[in-house]
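# Topology and contacts: notes
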Amino acid sequence: DVKVTQSSRYLVKRTGEKVFLECVQDMDHENMFWYRQDPGLGLRLIYFSYDVKMKEKGDIPEGYSVSREKKERFSLILESASTNQTSMYLCASSLGTRQETQYFGPGTRLLVL
Amino acid sequence: AQSVTQPDIHITVSEGASLELRCNYSYGATPYLFWYVQSPGQGLQLLLKYFSGDTLVQGIKGFEAEFKRSQSSFNLRKPSVHWSDAAEYFCAVGDPYSSASKIIFGSGTRLSIRP
């Protein structure tokens, strides 16, 4: 089974802090994704990566950056956390460049105070 | 650009009753279509997907969905729900002609089960 793990289930940070969310997949998938999930808005794509050191902006990249130094790891960075970034963050991975099934991690619920 | 609409925010059905969750998409051709389920406190799990071929798709946990091109719909059905089906359900659409692997998610339908 594909396993996607996220470093924290719950996180509380202060406004202005730099926040790192880590995601690791164990199935040698090419693609990795970061979404945020908010009530009534579903999942919105922040960034995705189709190869090591490659990244593309999703629909809501403002205030976020990402890093993919190794194939199995994809990090989401909030350079200066703000209260409107309080949300559930979901990481996913998929095998290749076509519309493959995405496999999701359990999510990180981030609260920015 | 493709989009997907789930018109029902919250649905409550009795245990043992049948279920249909609605999903409508907007796309110029036949898209890739997915249904995912998110149980409380969990990530999303794929229930089923449609890429081409038979328009009635069987998934896990007794779910099925039917692609209807004329109605731009991909509704999810289950003949008899169980209390464990209480969860949030997301319909999603992908572009078969895109080199990227992005998919667009609907806003979700929360399913509650009445004992």
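Look above for the structure.
The paragraphs below set out a description of the structure included in this document. (Residues numbered from 1 in each chain as written. Chains lettered and ligands numbered in written order. Predicted model: local features only at pLDDT ≥ 70, side-chain atom pairs only at ≥ 80, totals over all residues. Heavy atoms only, no water.)

### What about the overall build of chain B?
What counts here: Strands here are runs of E lasting at least two residues and helices are runs of H or I lasting at least four, both read from the DSSP assignment and numbered beginning at the N terminus. The globule rule used here is 2.2 Å times the number of residues to the 0.38 power, and the radius of gyration it is set against is calculated over C-alpha atoms. By the convention used here, residues are in contact when the closest approach between their heavy atoms is within 4.5 Å.
Along chain B, the regular secondary structure elements total zero helices and 12 strands. Listing every helix and strand of chain B by position from the N terminus yields β-β-β-β-β-β-β-β-β-β-β-β. Rg of the C-alpha trace for chain B: 14 Å, near the compact-globule value of 13 Å for 115 residues, within the 12% margin. Its C-alpha atoms give chain B principal-axis dimensions of about 45 × 30 × 25 Å. The contacts of chain B with a sequence gap of at least 6 include a subset with a gap of at least 24, amounting to 54%.

### Focus on the side chain of Ser112 of chain B
Filter applied, for reference: In protein, a polar contact means a hydrogen-donor-capable atom and an acceptor-capable atom, both N or O and within 3.5 Å, with residues adjacent in sequence counting only if both atoms are side-chain atoms; elsewhere, any N or O pair within 3.5 Å suffices.
The topology assignment puts Ser112 of chain B in strand E12 (residues 109-114). In this structure the side chain of Ser112 of chain B is engaged in a polar contact, spanning 2.7 Å, whose partner is the side chain of His10 of chain B.

### Comments concerning the interface of chain B and chain A
Here is the rule we go by: A quick way to say it: buried area is the sum, across both parts, of accessible area lost when two parts are put together, with a 1.4 Å probe. Any Lys or Arg side-chain nitrogen found within 4 Å of a carboxyl oxygen on Asp or Glu counts as a salt bridge.
Contacts between chain B and chain A engage 25 residues on the former and 24 residues on the latter. Across the chain B to chain A interface the summed buried area is about 1800 Å²; carbon plus sulfur atoms make up 49%. The largest per-residue losses of area from chain B upon contact with chain A belong to Ser101, Lys102 and Phe105 of chain B, which jointly make up 30% of the total buried on that side. Put simply, chain B and chain A have zero salt bridges between them. Seen at the junction of chain B and chain A, the total is four residue pairs in polar contact (both at pLDDT 80 or more).

### As for the nonpolar core
Spelled out, the test is: Residues belong to one nonpolar core when they are buried, are Ala, Val, Leu, Ile, Met, Phe, Trp, Tyr or Cys, and are joined through side-chain atoms within 4.5 Å. Buried means the residue's accessible area, taken with a 1.4 Å probe over protein chains only, is under 20% of the maximum for its type, while exposed means over 50%, and partly exposed covers the values in between.
With 26 residues, the main nonpolar core has Leu19, Trp35, Leu47, Leu48, Phe74, Leu76 and Tyr89 of chain B as its most contacted residues. Counting only elements with at least two residues in this core, the list comes to strand E2 (10-14), strand E3 (19-21), strand E5 (32-38), strand E6 (44-50), strand E8 (64-68), strand E9 (73-78), strand E10 (87-94) and E12 of chain B. Ranked by residue count, the leading element in this core is E10 of chain B, at four residues. Ranked by size, the runner-up nonpolar core spans 20 residues in total, among them Leu11, Val19, Leu21 and Val112 of chain A.

### What about the environment of Gln25 of chain A?
Residue and element names in this part refer to chain A. Inspection of the secondary structure puts Gln25 in strand E3 (residues 19-25). Judged by its relative accessible area of 2%, Gln25 is buried. Considered as a pair, Gln25 and Val4 are 21 residues apart in the sequence and their alpha carbons are 4.4 Å apart. If we skip the residues at most four places from it in the chain, Gln25 touches Lys3, Val4, Met32, Arg68, Lys71, Glu72 and Ser93. A polar atom in the side chain of Gln25 sits 3.1 Å from the backbone nitrogen of Met27.

### A few points about the pairing of strand E4 (residues 31-38) of chain A
Residue and element names in this part refer to chain A. Our working definition: Two strands are said to pair when DSSP picks up at least two bridges between them.
Across the eight residues that make up E4, a large majority, eight, are buried. The side-chain alternation of E4 yields two buried faces, one formed by Asn31, Phe33, Tyr35 and Gln37 and the other by Met32, Trp34, Arg36 and Asp38. Two strands pair when backbone bridges link them, and E4 and strand E9 (residues 87-94) are joined in this way by seven bridges, in the antiparallel orientation. Bridging across to E9, Tyr35 finds its partner in Leu90. Pairing geometry for E4 and strand E5 (residues 42-51), over seven bridges, is antiparallel.

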